[in-house]
Amino acid sequence: MTGSLANPSSTTTSPITAVKHFISRAILVVTLLLSSITTACADATSYFPTLNTDEKEDYTNWVNAHSSSYSRHAFMPSAGNQEEGAAIFWNIDGDTVHFAVAVRAEGWVGFGISEAGGMIGSDMALYQASNPSELVDAYVVQDRSMPLTDDCQDWTLEGATTVKNGWMIVEMSRLLDTNDGQDHAIKNDVDLWSPPTRIIAAWGDHDTMSYHGQKKARGSVRLFAHYSNELTEMQVLLETLEEGSDGYFDFIEDEFAIPTEETYYHDSCRTFEELNIELPEGQSMITMIGAVPILDEETAEFVHHFTVHLRKDCSDESSLSRTMVYAWAPGDEGWALPNDIGFPVFDNVNNQAVHIQIHYDNPSLIAGAKDSSGLRFYYTHDERTHRAGILEVGDPWLLLNGESIDEGLTQYSF
């Protein structure tokens, strides 16, 4: 292809070229779907695969001795290396959640419940090897700023914490709902139509907490899920969507050249005709029931988030006439609606096009990166009992009538 998805109508291809692109795109889709799965497996000793047996000895010994105390675990790759990162273990016992975090570090580690997949607004637990008897309950107000100590200390340091031979394995617990305005309540996330719990981690080798650089990781997990650790959330989600759908369509970038700018918003739009959706004769609408991200493994680090809207057509740029159907950020595996609910798409003149805006982050101003990320949307031919919709309310520019919000609060009334 010679054109961008942002302007697909200007693209012309020969039949042979079209077939080649179809085959390469099909291979790409399968590859990216597999690579986007957050690591989770039955044997936690398989995490940190680049380390040899001797390097992993202390971690392996801890897993063998203590991991049975935790019902689930997952591995979050670091931002700088997909085979390094943080191993997270958890178990829910009544109204208390227990966590263990394992990283390769000698100085400090931070673990948090994230508000939107990043540091801003996250509820953190901070541990420093220089102060081994203390776990600090903190929160983050601004990205790349030091966490602030909570007024109430709600995290508890557990006794099996290990700091040895380049490993930090910290065990901790807290109430699911602390009733503290500076904490996030951890809610039941077992249903696939509800958002998973977004978690983050960062670590370093200095005696006190400092800027982590690429030693950070983020992901999403379903803390209350009951399915086996042999299945990832993505695998469960894909099985659910494939069984409940009549088909899917992909909206993927075609090697979009990421600008050498710190932050960039890229808009792409496709009409019903350009998406090439096959429908039964006489039918002109579909019902969207879910979506999953398709991330280009080579450029995933640049993809900050997606927003998806339905529009009248691709020339309509009004924010008042669009309808939001999805917003994705790193750590989100995708979504599936309950089996009696769906988004009607292409059912009226005001939603005949799908518009995706991708926010790219390129703080290091890396040149030459080309992205082929996007989304796969699952649909049914028949309409479901209830129509879904997203109501956008509030103050879109966060003007707050000139009032300010106190630091550290997760909610504020005015």
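Cut-off values and rules
- Residues numbered from 1 in each chain as written.
- Predicted model: local features only at pLDDT ≥ 70, side-chain atom pairs only at ≥ 80, totals over all residues.
- Heavy atoms only, no water.
- Phe/Tyr/Trp six-rings, centres within 6.5 Å; stacked < 30°, edge-to-face > 60°.
- Helix = DSSP H or I, 4+ residues; strand = E, 2+ residues; numbered from the N terminus.
- Buried < 20%, exposed > 50% of the residue type's maximum accessible area, 1.4 Å probe, protein only.
- Lys NZ or Arg CZ within 6 Å of the ring centre and 35° of its normal.
- Pairing = 2+ DSSP bridges.
- Axes fitted to C-alpha atoms, helices over the stretch in contact; angles between N-to-C directions.
- pLDDT = per-residue confidence, 0-100.
- Contact = heavy atoms within 4.5 Å.
- Expected span 1.5 Å × (residues − 1).

Draft legend 1. Structural context of the packing of aromatic side chains. Applying the stated criterion to the full structure yields 20 aromatic pairs. The interplanar angle of 55° and the centroid separation of 6.2 Å between the aromatic rings of Tyr 70 and Phe 89 together place this pair among those described as tilted. Of this pair, Tyr 70 sits in the loop between α2 (57–66) and β1 (72–77) while Phe 89 sits in strand β2 (residues 85–93), placing them 19 residues apart in sequence. By the burial criterion, Tyr 70 is buried, and Phe 89 matches it. Each member of the aromatic cluster is reached from another via a ring pair, and the members are Tyr 47, Phe 48, Tyr 59, Phe 75 and Trp 167. In this arrangement the basic side chain of Arg 174 is found over the ring face of Trp 155, its NZ or CZ atom lying 5.6 Å from the centre.

Draft legend 2. Local environment of the sheet that holds strand β5 (residues 123–128). Pairing is antiparallel across the open sheet formed by 6 strands, whose spatial order is β7-β6-β5-β4-β11-β12. The open sheet has two free edges, formed respectively by β7 (148–149) and β12 (216–221), since each of these has just one partner strand. One ladder, built from 2 bridges, connects strand β6 (residues 135–139) with β7; its direction is antiparallel. From the neighbouring strand, Tyr 139 faces β7, where its bridge partner is Leu 148.

Draft legend 3. Spotlight on the sheet that holds strand β15 (residues 263–271). A sheet is described by the order of its strands in space; here 4 strands give the open sequence β15-β21-β17-β18, paired in antiparallel fashion. The open sheet has two edge strands with one neighbour each: β15 and β18 (323–328). Strand-to-strand twist across the sheet, computed as the mean angle between neighbouring axes with direction ignored, equals 15°. Here strand β17 (residues 303–311) pairs with β18 via 5 bridges, running antiparallel. Bridge pairing in β18 links His 309 to Met 324.

Draft legend 4. Fine view of the confidence of the model for the protein chain. Taken residue by residue, the protein chain gives an average pLDDT of 82. The fraction at 70 or more is 83%. pLDDT under 50 marks residues 1–38. Its contacts with residues more than four places away, or in other chains, come to 54 contacts.

Draft legend 5. Fine view of helix α3 (residues 233–244). End to end, α3 covers 17 Å across 12 residues, agreeing with the expected 16 Å (1.5 Å per residue, within 8%). Every buried residue of α3 is accounted for by Glu 233, Met 234, Val 236, Leu 237, Leu 238 and Leu 241. Buried residues along α3 sit in contact with β12, β16 (286–294), β19 (335–336) and β23 (374–380).

Draft legend 6. Inspection of unusual backbone geometry at higher detail. You will see that Phe 48, though not glycine, has its phi angle at about 60°, which is positive. If you trace the backbone, Phe 48 turns up in the loop between α1 (15–35) and α2.

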